[in-house]
Amino acid sequence: MTMPCITVCAARPPLPRTARTLLALGLLLLAAGCTSLAPGQAPASLDRAEALLRDGRAAPAASEFERLAAQNAPAAAYDFKLRAVRAWARAARPGDARRVLAAADADVAAGYAPTATQRSAREIARIEILLAEGQAQAAWAQLAAVPEPGEPRVRDTYLDLRQRLAFATARPVDAIRTEIAREAASTDADTRLRLRRELYAQLRSAAERGVRLDPAAAGADGTLRGWLELGPLAAQAQRGGTAPALAAWRARYPTHPAAELVRAEIVAATGSAPMGRSDHIAVLLPLSGRAASASAQVRDGLLAGMYSAPEPDRPELRFYDTEELGVDGAVGQALAAGADFVVGPLLREEVSAAADLLNGRATTLALNYLPSDRAAPAGFYQYALSPEDDARLVARRILADGRRRGVALVPAGDWGPRVLTAFQDELLRGGGELLDSAEYEPAENDYSAPIQSVLRLADSRGRAWRLGNALGTKLEFLPRRRGDIDFIFAPAPAATARLLRPQLRFHYAGDIPAYATSDSYEPGLTANQDREGLLFPDMPWVLSDGPGVEKLRAATSAAFGDAARSRGKLYAFGHDAWLLAVALRNLGGTDIANLRIEGATGVISFDEQGRTRRELEWAQVRGGSARLLTAGAD
């Protein structure tokens, strides 16, 4: 409070010396606080000035700092004048800022000697004026020449200016790293939250101005990458429709400093909180490590399914990272949180471990299959995009097309023989016959030897050689392949299929119907011309635009914008996992045999072991594009 001025009357008797000394000191202290106030004007207050500045009312804050300067001794007055300079600059009033800076410089000219900290603060204030005058690049260059102050308050002022200058000069990575440094220096939770909100707003503004926020610039720094990914989402949130993308971001970065800010954005966008409800589904995925990229697609598909459901019928998804926690840790945390339904895990080895740990404690939709000789516990369902299932579908299609006898070419390794075994079992069960098969090394690129082997071209050459010897002359001939085959089964990854199909044509097998699994086709590639004639099954997400798929595509475009095109089969798999989880949860384990879901990955049902069966669509590559086929057509 402002102390009243006191007048001492000389007519009083003299006081003892000690008393006179104490009185004199008291009078000096009282006099130092004397000031004149305008009628009705409250005393200047540092707390009020700082509160005004935090609230974005920089001009009133600057006036308050000027009043504080007028009421204090030179050292404090100099500090308050510099703070007033910075506040005027923040208010975009550089003329007032220069006026107050000139007054501070006049104090120095009159004999006041500023400390080293004050000299740093003065340089920072001067650079603030340059920024207010629109000279951001010059201000950035000059700030780089100012050593980072050691005194905490001035250091934060320096870093605050650096952060704003970094955004003003299109240096978002520098800005984020500066904010991270400011947070690290703070022990106050409210201050850290305020800093995060400021950075979030700055990133949103930068994205709206077209500043490039490239997550690749973060390298391995997850916190930095998270902020860079969040900037465009923050800008889109202003226009609505980003709840799935924000939820996906939050699932990718569950421990990120901005996680709670994003939660608030989701609440604002949807009117409901994505966390904290008791009605939830636990999702176990390896969100970090070697399978993180695949898991991200599955997670985003799950979230797309969740946000496409009506809010009252929408159970919450809670994600647990099996790479970080281990399957046992993830299962333990999910059960401790009260989960009564689990989706996942994703990897085969994780699924077996989860089956042991859960064992009826929660209904489960695993995202891969248990080993074929392993019985599933009660309430344990399995959903997978299995190449073996694709191979069985191919065998049934071949038989439906009236073809009975054929040969197979498969890549060497674990994948090819597994697919071949499933295909052969289904073919034989339906009355077909596999006459021969061969493996090839995908890395060699030349598959002539195994192709000639299954086609028996060497037999043709041998007959020609023997005939030529018998006639005593060199014969001109074209090798002839065997004539007893109706089809070729040639499953392969897409990169291999584009090499294999032309080589089959080269070796006189171009007219034999060739079948493959869905792995052989990639939409949109010009190289699909090399797969001309290939017959294969695939999911509606790839081949068609039925009502369900069209709705998902529209939701995906709204949530992910241009990035929607990169949402592949695992994204559709995640979406359908959501549909299955909700259906299973609602059925409560009853009437599963009659459950059919028309999803983005096909028409899905369950067999008696609780494993999914998918009915896929069929296509043939014609003119470099996949053309849908009807049942029995070729």
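Being a predicted model, the structure only gives us computed values, none of them experimental.

### Considerations on the confidence of the model for the protein
Residues at a pLDDT of 70 or more form 82% of the protein, whose mean pLDDT is 84. Note that residues 1-40 has pLDDT below 50 and, in this model, 18 contacts with residues that lie over four places away or in other chains. Contacts for the low-pLDDT stretch residues 273-278, under 50 throughout, to residues beyond four places or in other chains number 20 contacts.

### Concerning the layout of surface pockets
Estimates place the volume of the largest pocket at around 1,300 Å³. Lining the largest pocket are 34 residues, and of these Arg90, Asp160, Arg182, Arg194 and Glu198 lie nearest its centre. Every element with two or more residues in the lining of the largest pocket is listed here: helix H2 (46-54), helix H3 (58-71), helix H4 (74-90), helix H6 (116-132), helix H8 (152-168) and helix H10 (189-208). Take the lining of the largest pocket: its biggest share by element is 10 residues, from H8. Per-class residue counts for the lining of the largest pocket are 12 nonpolar, six polar and 16 charged.

### With respect to the packing of H8 against helix H9 (residues 172-184)
Where H8 contacts H9, the axes come no closer than 7 Å and their chain directions differ by 160°. Relative to H9, the element H8 lies roughly antiparallel. In the packing of H8 onto H9, the handedness of the crossing is left-handed. Across from Arg155, Asp156, Leu159, Asp160, Arg162, Gln163, Ala166 and Phe167 in H8, the residues of H9 making contact are Pro172, Asp174, Ala175, Thr178, Glu179, Ala181 and Arg182. Split by residue class, the contact of H8 with H9 holds six nonpolar, two polar and seven charged.

### Concerning the sheet that holds strand S2 (residues 316-321)
Through backbone hydrogen bonds, the strands of a sheet pair up, either in parallel or in antiparallel fashion. Read from one edge to the other, the open sheet built from five strands follows the order S2-S1-S3-S4-S5, with strand pairing classed as parallel. The open sheet has two free edges, formed respectively by S2 and strand S5 (380-382), since each of these has just one partner strand. In this sheet, neighbouring strand axes are inclined to one another by 20° on average, regardless of whether the strands run parallel or antiparallel. Sheet topology note: the strand S4 (residues 363-366)/S5 ladder contains three bridges and is parallel. Of the residues in S5, the one forming a bridge with Ala366 is Gln382. The sheet contacts of helix H14 (residues 292-308) involve strand S1 (280-285), S2 and strand S3 (341-343), and relative to S2 the element is tilted by about 170°. Here helix H15 (residues 322-336) sits on the sheet in contact with S1 and S2, set at roughly 130° to S2.

Criteria and thresholds
Residues numbered from 1 in each chain as written. Predicted model: local features only at pLDDT ≥ 70, side-chain atom pairs only at ≥ 80, totals over all residues. Heavy atoms only, no water. pLDDT = per-residue confidence, 0-100. Contact = heavy atoms within 4.5 Å. 1 Å grid on protein atoms, 1.4 Å probe; cavity = no way out; pocket = protein on both sides within 12 Å on 5 of 7 lines; lining within 4 Å. Points joined across faces, edges and corners; volume = space filled by probe spheres on them. Helix = DSSP H or I, 4+ residues; strand = E, 2+ residues; numbered from the N terminus. Nonpolar A, V, L, I, M, F, W, Y, C, P; charged D, E, K, R; others polar. Axes fitted to C-alpha atoms, helices over the stretch in contact; angles between N-to-C directions. Parallel < 35°, antiparallel > 145°, perpendicular 65-115°, else oblique. Left-handed = near helix turned anticlockwise from the far one by under 90°. Pairing = 2+ DSSP bridges.

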